[in-house]
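If you want the building blocks of each chain, they are given just below.
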Amino acid sequence: MPENPSVIEISDLSFRYSPSAPPVLENVSFAVPSGSSGCIVGPNGGGKSTLLKLMLGLLQPDTGSIRIFGKSPVKARSKIGYMPQYHQLDSSFPASVLEVALMGRITPKTIFGYKKQDKTAAIEALDILGIADLAEHSFAGLSGGQRQRVLIARALAGEPELLLLDEPTANIDPGAEEQFYGTLELLRKKMTVITVSHDLGFVNRETDLVICVNRSVSIHQATDFTAETANEVYHHHVNMIQHDHECFCHCHKEHECNE
């Protein structure tokens with residue numbers, strides 16, 4: 001057994017949504033070593049969400065292979081925590097914060113009800129995110145930043161070794177975003193965290209690897225990721241300006257880069 005086995009191993013992977021459609025991902029090969037964390041970046045339509053769904057086992061590659069902890073994604077699913085994009089969820093869902101967190105403990109056996117250890121794990125996950133005091137509050141009554149933390153707690157409640165976060169800072173205010181970065185730094189010390197983001201500022205926020213996705217995939221050390229590298233991924237001019245270890249993307253537009 002290698003001393004530092006890969007959490008994620010993808011080899012010669014290609015995927016298209018139908019036989020007549022162009023490939024969304026083509027000849028993709030990369031690995032994420034144990035102890036590393038990464039950020040997936042790239043333009044809309046480049047294949048970021050598709051790659052995430054393949055890692056979760058929600059899609060199957062046409063060719064090649066993907067292994068999570070040495071297993072197929074489906075067999076490794078108990079070790080994976082997932083937070084979907086904020087806008088994909090109904091914020092008015094009639095449930096308490098604890099009930100949402102408990103959803104991370106659902107298994108085929110949950111039909112018989114949650115066990116004591118399930119509730120303990122959910123409360124511990126809320127505590128890690130600093131919101132255990134909100135356990136009995138309505139999820140619908142929370143701020144955007146608080147809801148984000150509840151959804152991360154739901155992913156953590158399953159006690160994963162790999163955490164996948166899809167656009168975790170979308171639709172939250174700057175203050176909540178700074179809180180999130182602090183939480184993320186803590187989580188990276190406990191597990192492998194892969195974040196999908198349009199925000200190139202993630203690159204210099206405690207990220208080890210930058211996984212650039214635009215049909216093909218290239219992987220870089222975060223310290224080596226430059227504006228020139230970003231230009232190659234996005235196929236247009238991107239300025240990256242660094243201030244006090246924060247990196248900002250400017251695409252000649254006043255809003256955030258969503259290209």
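Heads up: these notes are all about the structure in this document. The structure displayed is predicted, hence computed values, not measured ones.

The rules behind the values
- Residues numbered from 1 in each chain as written.
- Predicted model: local features only at pLDDT ≥ 70, side-chain atom pairs only at ≥ 80, totals over all residues.
- Heavy atoms only, no water.
- Salt bridge = Lys/Arg side-chain N within 4 Å of Asp/Glu carboxyl O.
- Helix = DSSP H or I, 4+ residues; strand = E, 2+ residues; numbered from the N terminus.
- Buried < 20%, exposed > 50% of the residue type's maximum accessible area, 1.4 Å probe, protein only.
- Contact = heavy atoms within 4.5 Å.
- Polar contact = N/O pair within 3.5 Å; in protein donor to acceptor, adjacent residues only side chain to side chain.
- Axes fitted to C-alpha atoms, helices over the stretch in contact; angles between N-to-C directions.
- Parallel < 35°, antiparallel > 145°, perpendicular 65-115°, else oblique.
- Left-handed = near helix turned anticlockwise from the far one by under 90°.
- Nonpolar A, V, L, I, M, F, W, Y, C, P; charged D, E, K, R; others polar.
- Pairing = 2+ DSSP bridges.

Moving on, we get to the pattern of salt bridges. Scanning the entire structure with this criterion turns up three salt bridges. Salt-bridge contacts for aspartate 118 lead to arginine 105; the nearest nitrogen and oxygen are separated by 2.9 Å. Here the residue aspartate 118 occupies a position in helix H3 (residues 116–128), and arginine 105 occupies one in the loop between helix H2 (97–102) and H3, the gap between them amounting to 13 residues. Arginine 105 carries the same exposure label as aspartate 118, and that label is buried. Glutamate 159 is the salt-bridge partner of arginine 105, the closest N and O atoms lying 3.0 Å from each other. Remark: glutamate 159 occurs in the loop between helix H4 (144–157) and strand S6 (162–166) and arginine 105 occurs in the loop between H2 and H3; sequence separation between them is 54 residues. For arginine 105, a relative accessible area of 15% gives the class buried. For glutamate 159, a relative accessible area of 56% puts it in the exposed group.

This part is about unusual backbone geometry. Look at asparagine 27: it is not a glycine, yet its phi comes out positive at around 50°. Taking relative accessible area as the criterion, asparagine 27 reaches 60% and is therefore assigned exposed. Positioned with a positive phi, arginine 215 is a non-glycine residue whose angle comes to about 75°. Take arginine 215: its relative accessible area is 38%, and that puts it in the partly exposed class.

Tracing the backbone shows tyrosine 17 in the loop between strand S1 (6–15) and strand S2 (25–33). Other than its neighbours up to four places away in sequence, tyrosine 17 contacts Val24, Thr50 and Leu59. Polar side-chain contacts of tyrosine 17 include one of 2.7 Å to the side chain of threonine 50.

This brings us to the packing of H3 against H4. For any two helices packed against each other, one specifies the inter-axial angle together with the distance between the axes. Contact pair H3 / H4: the axes reach a minimum separation of 8 Å and the direction vectors enclose 135°. Taken together, the axes of H3 and H4 are oblique relative to one another. Crossing of H3 over H4 shows right-handed handedness. On H4, the residues touching Ala121, Ala122, Ala125, Leu126 and Ile128 of H3 are Ala153, Leu156 and Ala157. A class-by-class count of the residues in the contact of H3 with H4 yields eight nonpolar, no polar and no charged.

We now examine the packing of H4 against helix H5 (residues 174–188). One way to put it is that H4 packs onto H5 with a least axis distance of 10 Å and a crossing angle of 20°. Our classification of the angle between H4 and H5 gives roughly parallel. Our pair here, H4 against H5, has a crossing hand that is right-handed. Here H4 contributes Gly145, Arg149, Ile152 and Leu156 to the contact with H5, which in turn contributes Ala176, Gln179, Phe180 and Leu187.

A few words on the sheet that holds S6. Reading across the sheet, the six strands line up as S5-S6-S7-S3-S8-S9 and stay open at both edges, with mixed pairing between neighbours. Single-partner strands in this sheet number two, and they are strand S5 (80–83) and strand S9 (216–221). Mean inter-strand twist for the sheet, computed between neighbouring axes without regard to direction, equals 15°. Pairing of S5 with S6 involves four bridges; the strand directions are parallel.

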